[in-house]
Structure formats: structure tokens, C-alpha cells
Amino acid sequence: MSIELTLTSLMKRLEQKNRLTVQMENGEILNVTFDWNSPISNQELETFSLKNPHHVLPKALCSFLKHSHGAKLFNNEGLGLDYFEIYTIHEMQNYIDEYKTNIYYQGAYDKSWVMIGAYRGYGDYMFIDSQKVANGEEDYLIYVQVGDIQRLPMNFETWLDRFIVAQGARYWLW
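The sections below set out a description of the structure shown in this document. Only a predicted model underlies this, so the values are computations on that prediction, with no experimental measurement involved.

A short note on the overall build of the protein chain
In terms of regular secondary structure, the protein chain is built from seven helices and eight strands. Over its C-alpha trace the protein chain gives a radius of gyration of 16 Å, about what one expects of a compact globule, namely 16 Å for 174 residues. Overall size of the protein chain, expressed as C-alpha extent along the three principal axes, is 40 × 35 × 30 Å. Burial statistics for the protein chain: of 174 residues in total, 49% are counted as buried. Considering only contacts within the protein chain whose residues lie at least 6 apart along the sequence, 53% involve residues at least 24 apart. Working note: accessible area of the protein chain is about 9200 Å², and carbon and sulfur atoms make up 49% of it. Separation between the mean location of the 15 positive side-chain charges and that of the 22 negative ones in the protein chain comes to 3 Å.

Structure (C-alpha cells):
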């Protein structure tokens with residue numbers, strides 16, 4: 001499995017205007033869209049790494065960003081009310097910078113965590129534990145809901161593949 005293969009297979013299934021019809025839980029049929037950005041440059045990734053030596057990004061996330069520098073996945077009817085957003089490197093940098101002065105973040109999240117995305121409509125956030133990434137551990141994803149922090153036993157590549165197979169459902173909560 002690879003990020004490239006997962007995204008290529010998804011792209012083959014998309015209709016005009018990056019639309020896809022999916023069946024969700026309880027038989028609900030939705031038309032969703034995917035909003036892609038231009039790829040990130042190698043220079044931007046290097047700049048991030050040099051500026052943040054203690055915040056190592058996983059290779060699979062970097063591969064995704066080289067395909068699309070951030071994205072909105074499974075956007076319900078394209079309305080922007082319910083979708084998963086993978087952040088751009090600039091949004092990740094904003095979180096790291098804000099962490100330094102945000103007392104709430106400091107009390108709730110470890111300093112080695114980097115916020116990489118959010119599930120809009122639910123108020124949930126996805127983090128990576130950059131210390132685990134640096135140590136070569138594969139279980140570096142963290143999912144945060146109101147009042148609950150859940151360490152996911154997988155890497156970004158596995159999470160994305162399963163997320164697409166589950167058609168945008170929060171399968172890790174099943």
C-alpha cells in the first residue's frame with residue numbers, strides 16, 4: 001500500500017468536479033466532493049523541517065502533501081459543513097507557533113504533537129506524535145474529540161487508505 005496508489009485509485013473513481021456518491025452508516029446516500037490543492041514543493045518541506053527540528057513529519061504525510069498541499073476529503077454535498085481537512089504545512093506551522101503561547105494547548109496536548117487535520121462538523125482533530133515518528137514508531141496518530149484523546153494503532157498511510165475505503169466515516173470509532 002502507498003499514498004500514491006491510494007490516491008490514484010480514488011481519483012479513478014471520482015466523477016466530474018471531483019464528486020463521488022457514497023453510502024454511509026444507516027443506508028444514507030451522500031454526494032461528496034474532494035477539494036485538492038497544488039502540490040507542496042520540496043523546498044517548503046525542507047524549510048519546515050529546518051525550522052522545526054523537533055517536529056518530524058511522517059514520510060506518508062509528506063507524500064500526500066506532494067500530491068496535494070492540504071485537502072478537503074468527503075465534503076458533504078460540497079457545502080463545507082462536514083468533511084475531513086488535511087492541513088497545509090502553513091496551518092501545521094501556525095499550530096506549532098500558537099502552541100508556544102496557548103495555555104489551553106499546553107495543558108491538553110503534548111509539545112511533540114502536531115495538528116495535521118480536523119473533521120469539520122464534528123469538532124475533532126488529528127495529530128501526529130512527532131517523537132514517535134522520529135523514533136520510527138508506526139502508531140503515531142492521535143484523534144481528539146471533545147473530552148477524549150484516542151491514540152490510533154496505525155500510521156497516516158493506513159489511516160488514509162481505510163478512511164477512503166470507509167467512504168469518509170470515522171471508522172476508528174466503530
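And the narrative resumes.
Some remarks on the nonpolar core
Ranked by size, the top nonpolar core spans 59 residues in total, and within it Phe64, Phe156 and Trp159 carry the most contacts. Sorting elements by how many residues they give to this core places strand β5 (residues 113–120) first, with six residues.

Some remarks on the packing of aromatic side chains
Per the counting criterion, the structure on display carries 25 aromatic pairs. One Lys or Arg, Arg170, reaches over the ring of Tyr122 and ends 3.7 Å from the middle of that ring.

Quick notes on the sheet that holds strand β1 (residues 19–23)
One open sheet holds the eight strands; their spatial order is β1-β2-β3-β4-β5-β6-β7-β8, and the pairing between them is antiparallel. What marks the edges here is a single partner per strand, and that holds for β1 and β8 (148–152). Ignoring which end each strand starts from, the neighbouring axes of this sheet average 25 degrees apart. One ladder, built from six bridges, connects β5 with strand β6 (residues 124–129); its direction is antiparallel. Within the sheet, the bridge partner assigned to Gly117 lies in β6 and is Met126. Docked against the sheet, helix α4 (residues 89–99) engages β4 (83–86), β5 and β6, running at close to 120 degrees with respect to β5.

Quick word on unusual backbone geometry
Unlike most non-glycine residues, Lys17 shows phi in positive territory, near 55 degrees. In this fold, Lys17 is placed in the loop between α1 (3–13) and β1. Of note in the backbone geometry, Asn18 takes a positive phi value of approximately 55 degrees without being a glycine.

Topic: the pairing of β1
Burial along β1 is one-sided: the residues Leu20 and Val22 are buried and none of Arg19, Thr21 and Gln23 is. Note that β1 and strand β2 (residues 29–36) share five bridges and pair antiparallel. Bridge pairing in β2 links Val22 to Leu30. Between β1 and β2, which pair antiparallel in sequence order, lie five residues; one of them, Asn26, sits at a positive phi of approximately 60 degrees.

Some remarks on the packing of α1 against helix α7 (residues 156–165)
Two packed helices can be described by the angle between their axes and the distance between those axes. Between α1 and α7, the shortest axis-to-axis distance is 10 Å and the interhelical angle comes to 15 degrees. Regarding the angle of α1 to α7, the classification is roughly parallel. The way α1 lies across α7 gives a crossing that is left-handed. On α7, the residues that touch Ile3, Thr6, Leu7, Leu10 and Arg13 of α1 are Phe156, Glu157, Leu160, Asp161 and Ile164.

The rules we used
- Within each chain, residues carry numbers counting from 1 in the order of the written sequence.
- The predicted nature of this model means local features are confined to residues of pLDDT at least 70 and side-chain atom pairs, given and counted, to a pLDDT of 80 or more, with totals for whole chains, interfaces and linings taken over all residues.
- With hydrogens and water stripped out, all remaining heavy atoms of the structure feed into the side-chain values.
- Secondary structure elements are taken from DSSP: a helix is a run of H or I of four residues or more, a strand is a run of E of two residues or more, and numbering for both begins at the N terminus.
- With the radius of gyration taken over C-alpha atoms, the globule rule is written as 2.2 Å times the number of residues to the power 0.38.
- Residue burial is assigned from relative accessible area. The probe radius is 1.4 Å, only protein chains are included, and a residue is buried under 20% of its type maximum, exposed over 50%, and partly exposed in between.
- In this analysis, two residues are considered to be in contact whenever any of their non-hydrogen atoms come within 4.5 Å of each other.
- Methods summary: accessible areas were calculated by the Shrake-Rupley approach with a probe of 1.4 Å, and residue burial reflects only the protein chains presented.
- Charge counting follows a simple rule: Lys and Arg are positive, Asp and Glu are negative, and His as well as the terminal groups are ignored.
- For the purpose of locating charges, the reference atoms are NZ of Lys, CZ of Arg, CG of Asp and CD of Glu.
- Among buried residues, the Ala, Val, Leu, Ile, Met, Phe, Trp, Tyr and Cys ones that are joined through side-chain atoms within 4.5 Å form a nonpolar core.
- Only Phe, Tyr and Trp rings are paired, with Trp represented by its six-membered ring, and only when their centres lie within 6.5 Å; those with planes under 30 degrees apart are stacked, over 60 edge-to-face, the remainder tilted.
- By definition, being over a ring means that NZ of Lys or CZ of Arg is both within 6 Å of the ring centre and within 35 degrees of the ring normal.
- Pairing between strands is defined by DSSP: at least two bridges between the two strands are required.
- For every element, the axis is a line fit to its C-alpha atoms; helices are fit only across the contacting stretch, and the angle between N-to-C directions ranges from 0 to 180 degrees.
- Should an angle fall under 35 degrees it is called roughly parallel, over 145 degrees roughly antiparallel, and 65 to 115 degrees roughly perpendicular, with every other angle called oblique.
- If you view the pair so one helix is near and one far, a crossing is left-handed when the near helix is turned anticlockwise from the far one by less than a right angle, and right-handed when it is turned clockwise.

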